[in-house]
Amino acid sequence: MDNATDRYRRFLAGDDNGLREIIDIYYNGLTLYINGIVNNLSETEDIVQDTFVKLAVKKPKFNGKCEFKTWLYTIARNFAYNYLKRHRSRFSEQSIDSYVLLSDGTDVEKQYLHSQQSIELHRAMKKLNTEYFQVLYLMYFENINTDGIAKIMHRSKRQIGDLLYRAKKSLKSKLEKAGFHYEEF
C-alpha cells in the first residue's frame, strides 16, 4: 500500500489533511496531464478541481487493484473526455508559452518542468496527437508503468506498448526536425 492510499484512507476516516496532502502531491502533474488533453488551462483547472471535488464529496471507494495515482488519473481523464464531448467547439489551442499563473501565484510550467530541455521536450510532445502525448507524459513525467497507463487509457498492455513505440518514433522525428538529437530516447 502506498502513501497516497494511506492518505486517502485517513481522509475517509475523517482526517481532512489526508485530502489536502493528496491535492498538494498530485495537483501540478494532473494539471499538466489534463491540459495535454484539453489544451485549455482554464478548462483544465475546472476538470482537476472536479476530480478532487469528487474525492471530497462522493468519496468513491478505492479498491487497491492499481496504484492510487493510476486510479486518480483515470478519474481525471474520464472527466476530461466527458467535458470534451460536451464542449468540443469551445476549446482553443494554447501554447506552452502562453501558460498563465495559477491562482496561488506559482508558475506550474517553470516549477514542474525545471530545465530547458524538459520544456523543449514538452513543447514537442504537445504537437503530437493526444494519445501519443498521454502515453509519453504518463510514462516519462509521471513514472507510471505500462499496466497503470493501460488502466488509465482503457487499453491493453500490448496496445500501450505499440502506442508508446509509435509515440516515441513520432516525437523523435519532431525533435530532429527542431534540431535536437536524443540518443537514448
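Residues numbered from 1 in each chain as written. Predicted model: local features only at pLDDT ≥ 70, side-chain atom pairs only at ≥ 80, totals over all residues. Heavy atoms only, no water.

S.K.: I'm lost on the overall build of the protein in this one. Help?
M.R.: The helix and strand inventory of the protein stands at nine helices and zero strands. For the protein, the succession of helices and strands along the chain, N to C, is α-α-α-α-α-α-α-α-α. Expressed as a percentage of the 185 residues in the protein, the buried residues total 45%. Just so you have it, the protein exposes about 10300 Å², and 46% of that area is on carbon and sulfur atoms. (Helix = DSSP H or I, 4+ residues; strand = E, 2+ residues; numbered from the N terminus. Buried < 20%, exposed > 50% of the residue type's maximum accessible area, 1.4 Å probe, protein only. Areas by Shrake-Rupley, 256 points an atom, 1.4 Å probe, with all protein chains shown as cover.)

S.K.: What is the right way to read the nonpolar core from this model?
M.R.: The tendency in soluble globular proteins is for nonpolar side chains to be buried side by side. Judged by nonpolar contacts, the single largest core of 50 residues is most densely connected at Ile34, Phe52, Leu55, Phe68, Met125 and Val135. Secondary structure elements with two or more residues in this core: helix H1 (3-12), helix H2 (16-38), helix H3 (41-57), helix H4 (68-87), helix H6 (116-126), helix H7 (130-141), helix H8 (146-153) and helix H9 (157-177). Broken down by element, this core gets its largest block of residues, ten residues, from H2. Setting aside residues no more than four positions away along its own chain, Met125 makes contact with Phe133, Leu136, Tyr137, Phe141 and Leu171. (Core = buried A, V, L, I, M, F, W, Y, C linked by side-chain atoms within 4.5 Å. Contact = heavy atoms within 4.5 Å.)

S.K.: Before we go on, may I ask you to explain the pattern of salt bridges in this structure?
M.R.: Oppositely charged side chains are able to pair whenever their charged atoms sit close together. Counted according to the given criterion, the structure contains seven salt bridges. Among the salt bridges present, the one from Glu21 reaches Arg10, with a minimum N-O distance of 3.1 Å. In this pair, Glu21 sits in helix H2 while Arg10 sits in helix H1, placing the two residues eleven residues apart along the sequence. According to the relative accessible area criterion, Arg10 is partly exposed, its value standing at 32%. (Salt bridge = Lys/Arg side-chain N within 4 Å of Asp/Glu carboxyl O.)

S.K.: Help me understand the packing of H3 against H4 in this model?
M.R.: For any two helices packed against each other, one specifies the inter-axial angle together with the distance between the axes. In the contact formed by H3 and H4, the axes pass within 9 Å of each other and the chain directions differ by 130°. Comparing the axis directions of H3 and H4 gives the class oblique. The two elements H3 and H4 meet at a crossing, and its hand is right-handed. Between H3 and H4, the residues in contact are Glu43, Ile47, Asp50, Thr51, Phe52, Lys54 and Leu55 and Phe68, Trp71, Leu72, Ile75, Ala76, Phe79, Ala80 and Tyr83, respectively. (Axes fitted to C-alpha atoms, helices over the stretch in contact; angles between N-to-C directions. Parallel < 35°, antiparallel > 145°, perpendicular 65-115°, else oblique. Left-handed = near helix turned anticlockwise from the far one by under 90°.)

S.K.: Looking at this model, I keep getting lost on the packing of H2 against H4. Mind explaining?
M.R.: Interhelical geometry of H2 versus H4 gives an angle of 40° and a closest axis separation of 10 Å. As far as their axial angle goes, H4 and H2 are oblique. For the element pair H2 and H4, the recorded crossing hand is right-handed. Of the residues in H4, those in contact with Ile22, Tyr26, Gly29, Leu30, Tyr33, Ile34, Ile37 and Val38 of H2 are Phe68, Lys69, Leu72, Tyr73, Ala76, Arg77, Ala80, Tyr81 and Leu84. Taken together, the residues of the contact of H2 with H4 sort by class into 14 nonpolar, one polar and two charged. (Nonpolar A, V, L, I, M, F, W, Y, C, P; charged D, E, K, R; others polar.)

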